[in-house]
Amino acid sequence: MLTQIKRRWAERASTARRDLSVLVGSVLGKRTPFLVTRPARTFADTAAAEALGSLTLRPLRVARIVRETRDAVSVFLEDPSGRGLEFVPGQFLTVEVEVDGRRLRRAYSLSTPPHSGESAITVKRIEGGRVSGHLNERLREGDVLHVLGPSGSFTVEPDPEADRHLVLLAGGSGITPIMSIARAVLATEPSSRVTLVYGNRGPADVIFRDALDALAAEHRPRFVVDHVLSDPPEGWTGATGMLDRATVEARLEALGTGGDAHTDYYVCGPDPMRAAVREVLRARRVPAARIHEEVFVRPELRGDERPLPDTDQTLHVRRDGLERTALVRPGQTLLEAGLSTGIALPFSCAMGGCAECKCKLREGEVVMEEPNCLTEEERSEGWVLTCVSRPLGTVKLEVPVP
């Protein structure tokens, strides 16, 4: 299915091992998880507890802020301890901030490449977005942001020996992970080509406009940028229109993007744009394995549609033949309760945006916060995201083993 995001179990294992090293605080009650008040818990099995990590956030200092457009900023971050931030091009950070007395989490992609030695997230202000508005308007150099991650599997592993063609399709702020990927591949893969189709309303809305021009000049002819404007100014000679099916088809045809076995497609942008790209690539018979799609998760759109039990529920967790049981307290997620069993549950972003925490629901019924990043195919197969799922009764989970 073209909508399915590529998930590599090797990356899951690596992410889980990294995050497990920082999990003990929350589970042992040293820090209360996001937006939920719960009593501290202890474990009889101390060794198992020590093997867990926590949902503890990492503090990063704001080194500088670059205004990209009237509605977007790049926030450069550094660890006060001097440690670097290791990530793969295309990944994101989960940022927690306090806005109007509430602690809120949002995911923002890293737009810098790993080899640059700098780590920056790029944040576009959205209408009604409390966190994006806060970061655009109130954040200052020297402030501290608390983050989880890096997370996500919408990634490219740079390979100096690679000889491939990446076709990148971005709409609006969907350029942020795409920019990290383009910068990394162009800098480290001298034989690879990159074609970018980037849709915006007008020139003033183009994030990284100058940086893209510089990148194109530096790596010509290996890097081609095709700007598509839906509201172009007078005298504009480039492509016009929304990135709908007709426009996407026309741009790919004009750019000569073929169907050879060395071409991969990376897509990030609003839902209608991604749907249009899927239709075009399906018609072109592009294999699903060569299509990589990042899904925006909008926690600010989530609402509580179904009442949750006000009593403890039972959770059975099984992994690789080992099964243990825990109580899920009212309001608690399956991830939080499952970690108390001593069984290692994978996770990364802890907000339903990366699918690192997905497990098979063997029995029972849960409520998942929507929207999240699960595809329809994954839902039909019985997968749930433990970080944003809460039980309606007794639940049995199967933890996938890489």
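The model shown is predicted, which means the values in this text are computed figures rather than measured ones.

Sorry, what's going on with the overall build of the protein chain here?
Each helix and strand in the protein chain was counted, giving ten helices and 19 strands. Among the 402 residues that make up the protein chain, the fraction classed as buried is 53%. Across the protein chain, the fraction of contacts at a sequence separation of at least 24, relative to all contacts at a separation of at least 6, is 72%.

Looking at this structure, I do not really get helix H4 (residues 130-137). What am I missing?
The α-helix winds at 3.6 residues per turn, so residues separated by three or four positions along the chain end up facing the same way. With respect to burial, H4 is a largely interior element, six of its eight residues being buried. Along H4, the residues classified as buried are Val131, Ser132, Gly133, His134, Leu135 and Asn136. Buried residues in H4 make contact with strand S1 (58-69), strand S2 (72-78), strand S3 (92-99), strand S4 (102-109), strand S5 (119-124) and strand S6 (144-151).

What exactly am I supposed to notice about the packing of helix H7 (residues 245-255) against helix H8 (residues 271-283) here?
Axis angle and axis distance: for two packed helices, these are the angle between their axes and the distance between the axes, and together they describe the pair. With their axes 8 Å apart at the nearest point, H7 and H8 run at an angle of 55 degrees to one another. Taken together, the axes of H7 and H8 lie oblique to each other. The crossing of H7 and H8 is right-handed. Residue-level contacts link Arg245, Val248, Glu249 and Leu252 of H7 to Ala276, Val277, Glu279, Val280, Leu281 and Ala283 of H8. In the contact of H7 with H8, the residues fall into seven nonpolar, no polar and three charged.

Is there a simple way to think about the packing of helix H5 (residues 175-188) against helix H6 (residues 209-219) in this case?
Where H5 meets H6, the axes come as close as 12 Å, and the angle between the chain directions of the two elements is 20 degrees. Viewed along their axes, H5 and H6 adopt a mutual orientation that is roughly parallel. The hand of the H5/H6 crossing is left-handed. On H6, the residues that touch Met179, Arg183 and Leu186 of H5 are Ala211, Leu212, Leu215 and His219. Residue composition of the contact of H5 with H6, by class: five nonpolar, one polar and one charged.

Just checking my understanding: could you explain the pattern of salt bridges for this structure?
Between side chains of opposite charge, a pair can form as their charged atoms come close. Per the stated rule, a full pass over the model turns up 27 salt bridges. The partner of Glu78 in a salt bridge is Arg61, and the shortest N-O contact between them spans 3.2 Å. Separated by 17 residues along the polypeptide, Glu78 in strand S2 and Arg61 in strand S1 bring together distant segments of the chain. Since its relative accessible area comes to 30%, Arg61 is described here as partly exposed. Glu370 serves as the salt-bridge partner of Arg379, at 2.8 Å between the closest nitrogen and oxygen. Here Arg379 falls in the partly exposed class, since its relative accessible area comes to 27%.

What should I look at first to understand the sheet that holds S2 in this one?
The pairing of strands in a sheet happens through backbone hydrogen bonds and is either parallel or antiparallel. The six strands are arranged S4-S3-S6-S1-S2-S5 in an open sheet whose pairing can be described as antiparallel. Among the strands making up the open sheet, the edge pair consists of S4 and S5. Strand after strand, the sheet turns through a mean of 40 degrees between neighbouring axes, direction not considered. As defined by bridge partners, S3 adjoins S6 across four bridges and the pair is classed as antiparallel. By the bridge assignment, Glu96 is partnered in S6 with His146. In this fold H4 packs onto S1, S2, S3, S4, S5 and S6, with an angle of close to 80 degrees to the strand it touches most, S4.

Sorry, what's going on with the nonpolar core here?
Soluble globular proteins tend to bury their nonpolar side chains together. Counting residues in each nonpolar core, the largest one holds 28 residues, and the members touching the most others are Leu315, Leu345, Leu385 and Leu397. Of all the secondary-structure elements, those providing two or more residues to this core are strand S13 (313-319), helix H9 (334-339), strand S16 (366-368), strand S17 (383-385) and strand S19 (395-398). Sort the elements by how many residues they give to this core and H9 lands first, with four residues. Formed by 26 residues, the second largest nonpolar core is a distinct cluster that contains Leu166, Ile207, Ala216 and Cys268.

Please explain H6 as it appears in this structure.
For H6, every residue scored as buried is listed here: Leu212, Leu215, Ala216 and His219. Relative to the axis of H6, the buried residues are bounded by an arc of 100 degrees and lie together on one face. Away from its buried face by more than 90 degrees, H6 exposes Asp210 and Glu218. Along its buried surface, H6 packs onto H5, strand S8 (193-200) and strand S9 (223-229).

Help me out: how do you make sense of the environment of Leu252 in this one?
One can find Leu252 in helix H7. Once the C-alpha coordinates of Leu252 and Val167 are considered, the two residues, 85 residues apart in sequence, prove to be 9.0 Å apart. Residues contacting Leu252, with those up to four places away along its chain left out, are Val167, Leu169, Thr257, Val280, Leu281 and Arg284.

Quick notes on the rules
- Residues numbered from 1 in each chain as written.
- Predicted model: local features only at pLDDT ≥ 70, side-chain atom pairs only at ≥ 80, totals over all residues.
- Heavy atoms only, no water.
- Helix = DSSP H or I, 4+ residues; strand = E, 2+ residues; numbered from the N terminus.
- Buried < 20%, exposed > 50% of the residue type's maximum accessible area, 1.4 Å probe, protein only.
- Contact = heavy atoms within 4.5 Å.
- Axes fitted to C-alpha atoms, helices over the stretch in contact; angles between N-to-C directions.
- Parallel < 35°, antiparallel > 145°, perpendicular 65-115°, else oblique.
- Left-handed = near helix turned anticlockwise from the far one by under 90°.
- Nonpolar A, V, L, I, M, F, W, Y, C, P; charged D, E, K, R; others polar.
- Salt bridge = Lys/Arg side-chain N within 4 Å of Asp/Glu carboxyl O.
- Pairing = 2+ DSSP bridges.
- Core = buried A, V, L, I, M, F, W, Y, C linked by side-chain atoms within 4.5 Å.
- Arc of directions from axis to C-beta.

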